[in-house]
Each structure stands twice: as structure tokens, then as C-alpha cells.
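# Geometric and topological summary
So you can see what is in the structure, the chains are spelled out below.
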Amino acid sequence: MTPERQTFDVGGTQVRVSHLDKVLYPSTGTTKAELIDYVVRVAPALLRQLEDRPVTRIRFPDGVDGQPFFEKNVPRGAPSWLRHRVLPAAPGNDDEGTELDLPFLDDLAGLVWATNAGALELHTPQWSVTRGGKVRGADRLVVDLDPGEGAGLDECTKVAHLVAQRLAKDGLTTTVPVTSGSKGMQLYAPLPRRRPAVQVRQYARDLAHELAREHPQLVVAVMRKDLRGGKVLLDWSQNHPAKTTITPYSLRGRHEPRVAAPRWWDEVVPGLTQLAPTDVAQRLAERGDPFVEGAGRPSPP
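The protein has the name DNA ligase D polymerase domain-containing protein in an unreviewed UniProt entry, where Cellulomonas uda is given as its organism.

What follows is the structure, given as C-alpha cells:
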């Protein structure tokens, strides 16, 4: 048995951890210590995705079979070294008209702190905030591919190529696919320059409806469940300034431990599966990060 409470030196920062032998994924017996080991192994890649973006956490303090909760604000008892910033809630947010005290995870110490608190899922917006507190426009576009009943990852792979080809026509020639760790996928397209999030949202909406018209047997652009059977929803709404998306390399709070895993285009074929933390850490060590220039390849021609 490990001591209930310990303090580790993480890159010169003292981080308190507790109950490292606690099982957070009962189906596999995966412990908090194993999850902390995962975030340590993927920290450089995960921190690149989190950089200067406020982090909404979904916490599972009693494991994935317990009751999770969303946490936007800095929690009571957070360490003094954790960077945070008070910002007005984005328009369209349930908290619109209020101010939020939003945390940022800047380093490995922050990742260890969050994982120790049961924050398995780390969600971020497409916009970011300067160290001085200025909110910047979106620097990426995201399209969430959400399979309806009767559809799955095989259908998502087909739609992923259609979306990437369409984005390439508008000059967004490097799109990174991410298997979500849940049912579907996300596609991330870096923008050549920052744009207002509402403008990016409108572009994504138009693109989704265009592809739904062109491929009505495979693609849908509205959330009505009665229209989604056997098809893939192109969820363009996650580009809204009030919305967040699961961060690439984040764990997922599902029955078994899975990760929002960046992929290479040569993998995006029928038979694609969701990946476990050990798989993602090993792939990253052996093949690199598809988000890093040169590690992936441009979207299909």
C-alpha cells in the first residue's frame, strides 16, 4: 500500500498527491498512479494542446463508475502556483453575464495536480488567452464527427476524408484526425491567422451543410436524432466561443481507459479503433506527434 498522501517535486514545483493506488477504471483496474504515469509520458504533446487555453475539467473523484462533475472555475484549495485568470463568460454560455475564474495548465506539475484531482477529461476552446489576459481569436477549426445509431468509426473514416478534402480546397491543407476516445472523431485544421470564433463557427456550419447536401446518405449537419441513423453528424458548433472540445491526448471518462488520440491519415481507414493510454504513449515515443510539423502528412488530395 502506498501512503495516502505524498508530496512530489515535479520540475521544481511541490505537488501534493493522494491515494495513488485508488482504482479509477474498475473494468481494467487502472489506478490513479498509472494515469499520472500516462500524463507524464505524453506531457510535451498534451501541453502543446493546452497552451494558453483555459481548461474545463470533468472530474471523476470516485472513478468512472462514480458521479462525475464539470468544473470550469479554479476549485477551492487549488495550489497557489496554478495560473488562472478572471474573464467574462463567453456569449452564448450558460454563465453569460458573469465572470469565471479560469485555470490554465502550463506544465507537468499542473497535469499531475489535475489528474490527482480526478480530472480525467480536459476540455478546451479553440481560442486562447495571452499571459497578459487578452482573449485572442481562434487559431484552429474543429469538426466533430459524431456517428448516429447504426454508424461507427468506419463511417467516420469515410467522412473524415471528405471533410479534409473540402477544407483543402479552401487552403486548409493540413488537417489532423483525432479518434475521440469515445464513439467518433474530431478533425483539427490550423488556421493561417487568428479569426473571431463566431466567424470560424459560421464557416464550419456552411461546410457541414454543404457536405450534407452532397452526401445525404452519409452526412448530416443537424442534431435531430430521427435524421441521424446510420449517418455521421458534422458537429460544427464546437467552434462557438462558448464551447469546448476534448483536448487531444486527454484521457476520457468511459468504461475503459481511452484517449483522444491524434492519428496519421494512413490509419484513417475502415477498422480504425479507439486507443488506450499505453498505446498512445508508446506511439508518441515511437512515431512522434501528428500535430507537430513533419510528423503527420497533409490532408488527402
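Additional details are given in the paragraphs that follow.
### Description of the sheet that holds strand E9 (residues 119-124)
With antiparallel pairing, the four strands of this open sheet are ordered in space as E6-E5-E9-E17. A single partner strand is all that each edge strand has here, and the edge strands are strand E6 (69-71) and strand E17 (245-246). Of the pairings in the sheet, the one linking strand E5 (residues 56-59) to E6 comprises three bridges and is antiparallel in character. The residue of E6 that forms the bridge with arginine 59 is phenylalanine 69.

### Here's the deal with the domain arrangement of the protein
Think of interface size as the accessible area that goes away when the parts come together; that is how it is often given. In terms of domain boundaries, the protein breaks down into domain 1 (8-129) and domain 2 (137-287). Here the C-alpha centroids of domain 1 and domain 2 sit 23 Å apart. Contacts between domain 1 and domain 2 engage 29 residues on the former and 33 residues on the latter. In total, domain 1 and domain 2 occlude about 2700 Å² of area from one another, counting both sides; carbon and sulfur atoms represent 55% of this. Taken together, domain 1 and domain 2 are joined by three salt bridges. The salt bridge involving arginine 254 is made with glutamate 121; its shortest N-O contact spans 3.0 Å. Remark: the boundary between domain 1 and domain 2 carries 21 residue pairs in polar contact (both at pLDDT 80 or more). When residues of the side of domain 1 that touches domain 2 are traced back to their parent elements, those giving at least two are helix H1 (32-50) and E9. The residue makeup of the side of domain 1 that touches domain 2, split by class, is 15 nonpolar, 11 polar and three charged.

### A few points about the environment of leucine 100
With respect to the element layout, leucine 100 can be found in strand E8 (residues 99-103). Each C-alpha atom, one on leucine 100 and one on aspartate 146, is 29 Å from the other, the two residues being 46 residues apart in sequence. Residues within four places of leucine 100 in sequence aside, it is in contact with Lys72, Asn73, Arg85, Val86, Leu87, Ala89 and Asp95.

### Here's the deal with the environment of glycine 230
Checked against the element boundaries, glycine 230 lands in the loop between strand E15 (219-220) and strand E16 (232-235). The spacing of glycine 230 and valine 159 is 71 residues in sequence and 12 Å in space, taken between C-alpha atoms. Not counting residues within four places of it along the chain, the set of residues in contact with glycine 230 comprises Gly148, Glu149, Gly150, Ala151, Glu155 and Gln217.

### Here's the deal with unusual backbone geometry
In most cases, non-glycine residues show a negative phi, while peptide bonds are predominantly trans. Positioned with a positive phi, histidine 19 is a non-glycine residue whose angle comes to about 50°. By the secondary structure assignment, histidine 19 is in the loop between strand E2 (13-18) and strand E3 (23-25). Although it is not a glycine, aspartate 52 adopts a positive phi angle of roughly 65°. The residue aspartate 52 is located in the loop between H1 and E5 in this model. For aspartate 52, a relative accessible area of 12% translates into the label buried.

### Observations regarding the sheet that holds strand E14 (residues 185-195)
Strand order in the open sheet formed by six strands is E15-E16-E12-E14-E13-E20, with mixed pairing between adjacent strands. In this open sheet, the two edge strands, each paired with only one partner strand, are E15 and strand E20 (261-262). Direction of pairing for E15 relative to E16: parallel, over a ladder of two bridges. By the bridge assignment, valine 220 is partnered in E16 with leucine 233. Across the face of the sheet, helix H4 (residues 197-214) comes into contact with strand E12 (138-147), E14, E15 and E16 while running at roughly 35° to E12.

Conventions we followed
- Residues numbered from 1 in each chain as written.
- Predicted model: local features only at pLDDT ≥ 70, side-chain atom pairs only at ≥ 80, totals over all residues.
- Heavy atoms only, no water.
- Pairing = 2+ DSSP bridges.
- Helix = DSSP H or I, 4+ residues; strand = E, 2+ residues; numbered from the N terminus.
- Domains from an automatic or database assignment.
- Contact = heavy atoms within 4.5 Å.
- Buried area = accessible area lost by both parts, 1.4 Å probe.
- Salt bridge = Lys/Arg side-chain N within 4 Å of Asp/Glu carboxyl O.
- Polar contact = N/O pair within 3.5 Å; in protein donor to acceptor, adjacent residues only side chain to side chain.
- Nonpolar A, V, L, I, M, F, W, Y, C, P; charged D, E, K, R; others polar.
- Buried < 20%, exposed > 50% of the residue type's maximum accessible area, 1.4 Å probe, protein only.
- Axes fitted to C-alpha atoms, helices over the stretch in contact; angles between N-to-C directions.

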